[in-house]
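Structural characterization, general
Chain residues, written in single-letter form:
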Amino acid sequence: MEPFRLGVSDAVDLLRRGGISAAELLEALFRRIDAVEPVVRAFVTVTRDEASARLGELESSGEGPHQALHAIPLAVKDNICTAGVKTTCSSRILRNFVPPYESTVTARLLREGYILLGKTNLDEFAMGSSTENSGFFPTRNPWDPERVPGGSSGGSAAAVAADECLAALGSDTGGSIRQPASFCGVVGLKPTYGRVSRYGLVAFASSLDQIGPITKSVRDAALLLNVISGHDPLDSTSAPVDRQDFTRSLDRGVKGLRIGVPKEYFVEGLDREVEQAVRDAIGELERLGAEVSEVSLPHTGYAVATYYILATSEASSNLARYDGVKYGFRAEGADLIEMYMETRAEGFGPEVKRRIMLGTYALSAGYYEAYYRKAQQVRTLIKEDFERAFERVDLIVTPTTPTPAFRLGEKVSDPLQMYLSDIFTISVNLAGVPGISIPCGFSTEGLPIGMQLIGRHFDEETLLRAAHAYEAATGWHGRRPVL
Amino acid sequence: MRISRGDVEHIARLARLRLTEGEKETYGLQLSDILEYVEKLKELDTSEVDPTSHVIPLSNVFREDLLQGSLSREEALRNAPQAADAFYRVPKIIE
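The rules behind each value
- Residues numbered from 1 in each chain as written.
- Chains lettered and ligands numbered in written order.
- Predicted model: local features only at pLDDT ≥ 70, side-chain atom pairs only at ≥ 80, totals over all residues.
- Heavy atoms only, no water.
- Helix = DSSP H or I, 4+ residues; strand = E, 2+ residues; numbered from the N terminus.
- Rg over C-alpha atoms; globule rule 2.2 N^0.38 Å.
- Buried < 20%, exposed > 50% of the residue type's maximum accessible area, 1.4 Å probe, protein only.
- Phe/Tyr/Trp six-rings, centres within 6.5 Å; stacked < 30°, edge-to-face > 60°.
- Contact = heavy atoms within 4.5 Å.
- Buried area = accessible area lost by both parts, 1.4 Å probe.
- Salt bridge = Lys/Arg side-chain N within 4 Å of Asp/Glu carboxyl O.
- Polar contact = N/O pair within 3.5 Å; in protein donor to acceptor, adjacent residues only side chain to side chain.
- Nonpolar A, V, L, I, M, F, W, Y, C, P; charged D, E, K, R; others polar.
- pLDDT = per-residue confidence, 0-100.
- Pairing = 2+ DSSP bridges.
- Axes fitted to C-alpha atoms, helices over the stretch in contact; angles between N-to-C directions.
- Expected span 1.5 Å × (residues − 1).
- Disulfide = S-S within 2.5 Å.
- Parallel < 35°, antiparallel > 145°, perpendicular 65-115°, else oblique.
- Left-handed = near helix turned anticlockwise from the far one by under 90°.
- Patch = residues over 30% accessible without salt bridge, like charges linked within 9 Å, V, L, I, M, F, W, Y side chains within 5 Å.
- Areas by Shrake-Rupley, 256 points an atom, 1.4 Å probe, with all protein chains shown as cover.

Turning to the overall build of chain A, a few remarks are in order. Helices and strands together make up the secondary structure of chain A, namely 15 helices and 11 strands. Taken against the 2.2 N^0.38 rule, which gives 23 Å for 483 residues, the C-alpha radius of gyration of chain A at 21 Å falls within 12% of a compact globule. Principal axes of the C-alpha set define a box for chain A whose edges measure 65 × 55 × 45 Å. Burial status across chain A gives 68% buried among its 483 residues.

As structure tokens, this is what we get:
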């Protein structure tokens, strides 16, 4: 097998056994990036020189045997701060921003010996579902370059699917890890809110944002979660829970697990091939010993509306910091207010402005109660739906997206249609529970289809265990696009 | 919910965004569409429902008041669009 095809766990084993050298692995990945980037365009920045220097440091450090990810090359979404390496959020307003500090997740990856290959493209400030909102260029789906890779972590998902890295980090506010993972035929995990530190993640909607892995297998997702999770005093919303080894119980199977299928997710608008693939996958879980039953999440139909009030309100507040003073782009203006207005007009793209406008409106005098507070109350109802369902079942299974990857340009002129493509992933963020998307088939056009598993708060263990059992029994995750 | 041109201009001013005439028109229509969709939340009676701002039960988080290192002035100013000596430079505010 060509080395760039390796996942994280296999590469760790192969490096330890001396089956490949760290230099050979790194070189193979850069050759792969050179070969496919002209089509895929997953990276905003490729850190070739930094990676070579890092390899030298790692080789002379003698730390190899103690590091879980020694010399493992990974990609990181470009809204996660990497000290000394440009972090742009795919926005013109941050195009030259070089963070003076390291995010907690990448600090933990560094401690375990990873090598940064580069920073991946996203919808500007993670606002979007197709990566077409990048302020620089769109990323293409490796399975069909006429299709979007999903978003907002489209660069990370495409880079993993195209074997340009062994795995990647993404961030997920309303589906931004799971939806692109589904569109690109890879594994994407959004951990429980609070499981992974947000320190150094450029804020979009702080009560919803969570960093997670995008990988070639469920085992790799568990391995990366081991490294990036755990309490962090630098993030006051980081949960004080102990770290644990998520790979330990992966092989325990699904026998006796109670899995719920929410009837509200199998409705009009769901693509027939997606529905069939997910129903087949549920059948497979049943054959493997799970007890499947129908559950109800009655407020599902209100999730998108709730999300677009809360997420845009938080965003309008978080993005107030881009004022052309302390960092980022500045435009000239006659006075301070003019300078702010010109800087933000030129620095932000259309979707970011649209969301800032919506959020500002929802928070403005006279509308706060009707929109923001109302949405917070409906959020409570959505959260209670899950709590009630999890009294009866251990996991919930749904399609990750209503359709396979759509065409570039198909939804750009209709923001509401774009928002509705996140209909199956958004509730999970509102409730703060963990969710994973894993490949479960292909459409007749050869596009990947994803299944979403949802677990209880802080029960990633059961989530990963069931995902791994399904993956081991079916092997969809092993398919790769021809590039 | 229709968003008037005046509404759009008011929100843009609050958000410190200069919009072109074309943007005012487009955003007016798109925000009206989105707000119309959001109206469906009003179908739900939430008079007895507490709002959720955070899903994890965390209250204030405290730490010891310890002296720790922080960014140097040089590092803090490195990303500034304009800096002079130890300061960020901004357009004149006071006549």
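There is more to say, and it comes next.
Residues and elements named next belong to chain A. Using the criterion set out here, one finds 17 aromatic pairs over all chains in the structure. Relative to Tyr-327, the ring of Phe-97 lies with its centre 5.6 Å away and its plane at 55°, an arrangement referred to as tilted. Placement of the pair is Phe-97 in the loop between β2 (73–77) and α4 (104–111) and Tyr-327 in the loop between α9 (303–318) and α10 (336–347), with a sequence separation of 230 residues. A relative accessible area of 11% places Phe-97 in the buried class.

By a frequent convention, interface size equals the accessible area lost on bringing the separate parts together. Taken residue by residue, the interface counts 49 residues in chain B and 66 residues in chain A. With both chains or domains summed, chain B and chain A bury close to 5400 Å², and 68% of this area falls on carbon and sulfur atoms. A salt bridge links Arg-18 of chain B to Glu-342 of chain A, with the shortest nitrogen-to-oxygen separation between them at 2.5 Å. Our count for the contact surface shared by chain B and chain A stands at 21 residue pairs in polar contact (both at pLDDT 80 or more). A total of nine residues in the side of chain B that touches chain A trace back to one element, the largest contributor, which is helix α2 (residues 21–38) of chain B. Looking at the side of chain B that touches chain A residue by residue, the classes come out as 30 nonpolar, seven polar and 12 charged.

Overall, the predicted model of chain B reaches an average pLDDT of 92, with 98% of residues at or above 70. Our summary of model confidence lists the complex with pTM equal to 0.97 and ipTM equal to 0.95.

Glancing now at the pattern of salt bridges. Residues and elements named next belong to chain A. Here the structure, examined in full by the defined rule, presents 33 salt bridges over all chains. Here Glu-384 ties to Arg-388 by a salt bridge, and the two come within 4.0 Å at their closest N and O atoms. Residue Glu-384 and its partner Arg-388 are both found in helix α12 (residues 369–392); the two are separated by four residues, about one turn of the helix. Glu-384 sits in the partly exposed class, given a relative accessible area of 31%. One network of salt bridges, in which partners are shared, links Glu-2, Arg-5, Asp-163, Lys-216 and Arg-480.

Looking now at the sheet that holds β2 of chain A. Backbone-to-backbone hydrogen bonds join strands into a sheet, with any given pair of strands oriented parallel or antiparallel. Residues and elements named next belong to chain A. Spatially, β1-β3-β2-β4-β6-β5-β10-β11-β9-β7-β8 is the arrangement adopted by the 11 strands of the open sheet, whose pairing is mixed. The sheet is open, and its two edges are formed by β1 (43–46) and β8 (291–295), each paired on a single side. The average undirected angle you get between the axes of adjacent strands in this sheet is 30°. Examined bridge by bridge, β2 and strand β4 (residues 167–172) share two bridges and lie parallel to one another. The partner of Ala-75 across the bridge, within β4, is Ala-168. Sheet strands in contact with helix α3 (residues 48–61) are β1 and β3 (115–120), and its direction is about 160° off that of β3. Most of the contacts of helix α8 (residues 272–287) go to strand β11 (residues 448–454), to which it runs at about 50°, and overall it touches β7 (258–262), β8, β9 (395–399), β10 (435–442) and β11.

With that out of the way, let us pick up the environment of Thr-192 of chain A. Note that Thr-192 of chain A resides in the loop between β5 (187–190) and β6 (210–215). Discounting chain neighbours no more than four positions away, the residues touching Thr-192 of chain A are Gln-210, Gly-432, Val-433, Pro-434, Arg-456, His-457, Phe-458, Asp-459 and Glu-460 of chain A together with Ile-56 of chain B. Engagement of the side chain of Thr-192 of chain A in a polar contact is seen with the backbone nitrogen of Phe-458 of chain A, the distance being 2.9 Å.

Attention shifts here to α9 of chain A. Counted at 1.5 Å a residue, the expected span for α9 of chain A with its 16 residues is 22 Å, and the 22 Å between its end C-alpha atoms agrees. When you tally the buried positions in α9 of chain A, you get 15 out of 16 residues, the bulk of the element.

Our next topic: the side chain of Arg-147 of chain A. Residue and element names in this part refer to chain A. For Arg-147, the position within the fold is in the loop between β3 and α5 (154–161). A residue is classified by how much of its surface remains accessible, and Arg-147, at 6% relative accessible area, is buried. Here Ala-405 takes part through its backbone oxygen, which lies 3.0 Å from a polar atom of the side chain of Arg-147. Beyond its immediate sequence surroundings of up to four residues, Arg-147 is in contact with Arg-140, Asn-141, Ala-405, Phe-406, Arg-407, Leu-408, Glu-445 and Leu-447.

Turning our eyes to something else, we now look at the environment of Leu-117 of chain A. Residue and element names in this part refer to chain A. Among the structural elements, Leu-117 can be located in strand β3. It is 9.5 Å that separates the C-alpha atoms of Leu-117 and Ile-33, two residues lying 84 residues apart in sequence. In this view, Leu-117 contacts Leu-26, Leu-29, Phe-30, Phe-43, Thr-45, Val-46, Thr-47, Pro-73, Leu-74, Glu-164 and Cys-165; residues no more than four positions away in its chain are not counted.

Here is the idea: a disulfide is a covalent bond, and it sits between the sulfur atoms of two cysteines. Residue and element names in this part refer to chain A. A complete count under the given rule lists zero disulfides over all chains for this structure. No disulfide involves Cys-165; its nearest neighbouring cysteine sulfur is the one of Cys-184, lying 11 Å away. Accessibility expressed as a relative area gives 0% for Cys-165, which makes it buried.

Residues and elements named next belong to chain A. For Asp-163, the location among the structural elements is in the loop between α5 and β4. On the basis of relative accessibility, which here comes to 0%, the residue Asp-163 falls in the buried class. Here Arg-5 takes part through its side chain, which lies 2.6 Å from a polar atom of the side chain of Asp-163. Asp-163 has contacts with Phe-4, Arg-5, Leu-29, Arg-32, Lys-216 and Arg-480, leaving out every residue within four places of it along the chain.

What follows is about the pairing of β4 of chain A. Residue and element names in this part refer to chain A. Summarising burial for β4: six of the six residues are buried, a large majority. What you see with β4 is no split at all: Ala-167, Leu-169 and Ser-171 on one side and Ala-168, Gly-170 and Asp-172 on the other are buried throughout. As paired strands, β4 and β6 are joined by six bridges and run antiparallel to one another. Within the sheet, the bridge partner assigned to Asp-172 lies in β6 and is Gln-210.

This next bit is on the packing of α9 of chain A against α12 of chain A. All names here are of chain A. Direction vectors running N to C along α9 and α12 enclose 130°, while the axes themselves pass 9 Å from each other. Judged on the interaxial angle alone, α12 and α9 are oblique. Of the two elements, α9 crosses α12, and the hand of that crossing is left-handed. On the side of α9, the interface is formed by Ala-303, Thr-306, Ile-309, Leu-310 and Ser-313, while α12 contributes Tyr-371, Tyr-372, Ala-375, Gln-376, Val-378, Arg-379 and Ile-382. The residue makeup of the contact of α9 with α12, split by class, is eight nonpolar, three polar and one charged.

With that settled, the discussion passes to a nonpolar patch on the surface. Residues and elements named next belong to chain B. A contiguous nonpolar patch, built from Val-90, Ile-93 and Ile-94 and spanning about 320 Å² of accessible area, is present on the exposed surface. Topologically, Val-90 is positioned in the segment after β2 (87–88). Accessibility expressed as a relative area gives 37% for Val-90, which makes it partly exposed.

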